[in-house]
Every structure is written in C-alpha cells, then in structure tokens.
Amino acid sequence: MNSEGLIELLNRLLEAELMAVEYYRIHADAIVEPEIAEGVRAILPAEQAHAASLAARIKKLGGVPVSPGGTASAQGKEMGETSRREGTMAMLTLELAQEQQAIKDYAACVADIEEDMLTLEMLEEQLFDEMRHAKWLKQRIIDLTRT
Ligand SMILES: [Fe+2]
Ligand SMILES: [Fe+2]
C-alpha cells in the first residue's frame, strides 16, 4: 500500500471516530440507566483519543485529516439523535453495530500494512479498544434483554 492509499484509509477510520464522538456524547446524556450511561460516558474519551491519534498520524504522513464539524460529525449527530428517540436498546444496538464495523475496518488495515510499523502499532491498540467496547456493549444488551 502506498502512502496515499494509507492516508485515504486512515481518513475513513477517522470519519468513523468523529461520528462515534457525536453519538456517544448524545447517548451519554440520554441513557436513563445510570450504570449504562456512565459506561457509555467512559467510552467517549477513548474515541476522542482515537480521532486525535489518527489525525496526527495522517498529518505526519503528509496528508490532510478530515476535520471535526464536517460531514462525518453531522452524520454522527444525526445517528445519535435518531437512536436516542428510540431508547436505550436502540442506542446500544447502534453503538455495537458501529464498534463491530470499526473492528473489521481496523483489522483490515492492520492486515494490509506491511512497512509502516508506527501506524500499524497505533491501529493495533485502537483495534483492541474497539474490541473491548464491543464486548462491554454486548454484555449490556444481554443484561437488558433479560430484565
Ligand atoms: Fe474508536
Ligand atoms: Fe469504540
């Protein structure tokens, strides 16, 4: 993969992170179950850090990172607001689907990078975070289904 291709891929990952920051922020304020709201609130800084690392890496590689406040952020807000109106289960379901997609997208990138070890290691760490987020969400969804 050449560096233009990598920058392009990193920008797609960054867009997903900018979206995540918006819907997690909206959901953290909207979820009525206190423990679930607290857990969702705890995920938010991780997604903000993911976005910041990706943006910094893209710049380092000579690219232009997509900015917060653009199309991706607007889309994330829309996703957050729509699911918020449908309740906690809908919010968690949306978050889980997005985390599952992020796991696949990060893993694909990790698999394809052959030379840029710094980017590879950054993506490995972020992949692991998304795996933990997804697992936590799965457990909350199981718990909600049983109550
Ligand atoms: Fe993330
Ligand atoms: Fe995540």
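Note that the structure is predicted; figures quoted are calculated from it, not measured. (Residues numbered from 1 in each chain as written. Chains lettered and ligands numbered in written order. Predicted model: local features only at pLDDT ≥ 70, side-chain atom pairs only at ≥ 80, totals over all residues.)

Visitor: Hey, could you run me through the overall build of the protein in this one?
Guide: Helix and strand counts for the protein stand at five helices and zero strands. Secondary structure of the protein in N-to-C order comes out as α-α-α-α-α. The globule rule puts the C-alpha radius of gyration for 147 residues at 15 Å, and the 16 Å found for the protein is close to it. Referenced to the eigenvectors of the C-alpha coordinate spread, the extents of the protein come out at roughly 50 × 30 × 20 Å. Residues classed as buried in the protein amount to 34% of the 147 residues present. Intrachain contacts of the protein at a sequence separation of at least 6 include 76% that bridge at least 24 residues. (Helix = DSSP H or I, 4+ residues; strand = E, 2+ residues; numbered from the N terminus. Rg over C-alpha atoms; globule rule 2.2 N^0.38 Å. Buried ≥ 20, exposed ≤ 12 C-beta atoms within 10 Å, placed from the backbone. Contact = placed C-beta atoms within 7 Å.)

Visitor: Would you mind going over the nonpolar core with me for this structure?
Guide: A general feature of soluble globular proteins is that nonpolar side chains tend to end up buried together. Membership of the largest hydrophobic core comes to 30 residues, with the highest contact counts inside it found for Leu13, Leu14, Leu18, Met19 and Leu54. Taken together, the elements giving at least two residues each to this core come down to α1 (3-30), α2 (34-60), α3 (71-84), α4 (88-112) and α5 (117-146). At 12 residues, the largest contribution of residues to this core is made by α1. Other than its neighbours up to four places away in sequence, Leu13 contacts Leu54, Asp105, Tyr106 and Cys109. (Core = buried A, V, L, I, M, F, W, Y, C linked by C-beta atoms within 7 Å.)

Visitor: Would you take a moment to explain the environment of Ile31 for this structure?
Guide: Tracing the backbone shows Ile31 in the loop between α1 and α2. For Ile31, a count of 21 C-beta atoms within 10 Å corresponds to the buried category. Once the C-alpha coordinates of Ile31 and Gly87 are considered, the two residues, 56 residues apart in sequence, prove to be 7.4 Å apart. Apart from the residues lying within four places of it in its own chain, the contact partners of Ile31 are Ile36, Ala37, Val40, Thr88 and Met91.

Visitor: For this particular structure, what's the right way to read the environment of Arg41?
Guide: Note on placement: Arg41 falls in helix α2. Using a count of 15 C-beta atoms within 10 Å as the deciding quantity, one classes Arg41 as partly exposed. Through-space distance from the C-alpha of Arg41 to that of Arg25 is 7.1 Å; in sequence the pair is 16 residues apart.

Visitor: So what exactly am I meant to see when it comes to α5 here?
Guide: Structural remark: α-helix, 3.6 residues per turn; residues separated by three or four positions point the same way. Here α5 spans 44 Å end to end across 30 residues, near enough to the 44 Å set by a 1.5 Å rise per residue. Looking at α5, one finds that the buried residues are Thr119, Leu123, Gln126, Glu130, His133, Leu137 and Arg140. (Expected span 1.5 Å × (residues − 1).)

Visitor: What am I meant to see in the packing of α1 against α3 here?
Guide: Any two packed helices are characterised by how steeply their axes cross, that is the angle between the axes, and by the distance between the axes. The interhelical angle for the contact between α1 and α3, taken along N-to-C directions, is 30 degrees, at an axis separation of 7 Å. Classified by the angle between their axes, α1 and α3 sit roughly parallel to one another. Like other packed secondary-structure pairs, α1 and α3 cross with a definite hand, here right-handed. Across the interface between the two elements, Glu15, Leu18, Met19, Ala20, Val21, Glu22, Tyr23, Ile26, His27 and Ala30 of α1 pack against Ala72, Ser73, Gln75, Gly76, Lys77, Met79, Gly80, Glu81 and Arg84 of α3. (Axes fitted to C-alpha atoms, helices over the stretch in contact; angles between N-to-C directions. Parallel < 35°, antiparallel > 145°, perpendicular 65-115°, else oblique. Left-handed = near helix turned anticlockwise from the far one by under 90°.)

Visitor: Can you walk me through α3 in this structure?
Guide: Compared with the 20 Å implied by 1.5 Å per residue over 14 residues, the 20 Å span of α3 between its first and last C-alpha is a close match. Residues of α3 that are buried: Ala72, Gly76, Met79, Gly80 and Ser83. Mapping the buried residues of α3 onto a view down its axis gives an arc of 100 degrees, with all of them on the same face. Residues of α3 that are buried in the fold lie against α1 and α4. (Arc of directions from axis to C-beta.)

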